[in-house]
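Structural overview
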Amino acid sequence: MSDLHAPDCAAVDCRPAGLTVSGRLSITTENLAPDAQPAYSSGSFTWAEQGDASSLAFATPLGQIVAELWIEPGRARMRSSAGDEVAVSPDELAARRLGAPLPVEGLRDWLRGRDRSGRPRAPAAFDEDGWSIAYPRMSADGTHPAALRLRRAGPPAIDVRIVIDDWTGVAP
């Protein structure tokens, strides 16, 4: 029997208490086929965490959840219309599902405006783990990013734009 037992999100609130960040994102991925247009997708997200556990939900622009990801130390689980899947890391799982790397592990720190060592970096731009991270806008009170832009040179080149609409819980 599989140990993949994600909670029934229709029956309970699957977001851990603590930090919750929600907003919108768009992802543009270079298409490596000759003369092909880049792939583009957009939607909304909710990132929630408590301690070492995190969850990430992706939704269409109309609000339908298309994928949910649960992250624990040494393990990531994803549920989507393609089924349930487990991997050692969320980055591995995202790359397997999307066909291109997405820096899920870095988001925990980058959303807070810091690098993965915990050093504050926002509003300055910096490079880490093969990604360029920029903060085009900070919150009105200056405590956390209001927008992020993540770029990877590739191949394939990837451009992720994130706008944070709501930030609740623990301070960055």
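Note: the structure precedes this text.
In short, a report on the structure. (Residues numbered from 1 in each chain as written. Predicted model: local features only at pLDDT ≥ 70, side-chain atom pairs only at ≥ 80, totals over all residues. Heavy atoms only, no water.)

As for unusual backbone geometry
Working note: non-glycine residues mostly have negative phi, and peptide bonds are mostly trans. For the bond running from Ala122 to Pro123, omega is 10°, close enough to zero to count as cis. Geometrically, the link from Pro155 to Pro156 is a cis peptide bond, its omega value of -15° lying close to zero. Within the secondary structure layout, Pro156 lies in the loop between strand S9 (145-152) and strand S10 (158-168). With a phi close to 60°, Asp35 is a non-glycine residue in the positive phi region. Overall, Asp35 belongs to the exposed group, its relative accessible area being 84%. The phi angle at Asp129 is positive, at roughly 55°, despite the residue not being glycine. Topologically, Asp129 is positioned in the loop between strand S7 (126-128) and strand S8 (131-138). (Helix = DSSP H or I, 4+ residues; strand = E, 2+ residues; numbered from the N terminus. Buried < 20%, exposed > 50% of the residue type's maximum accessible area, 1.4 Å probe, protein only.)

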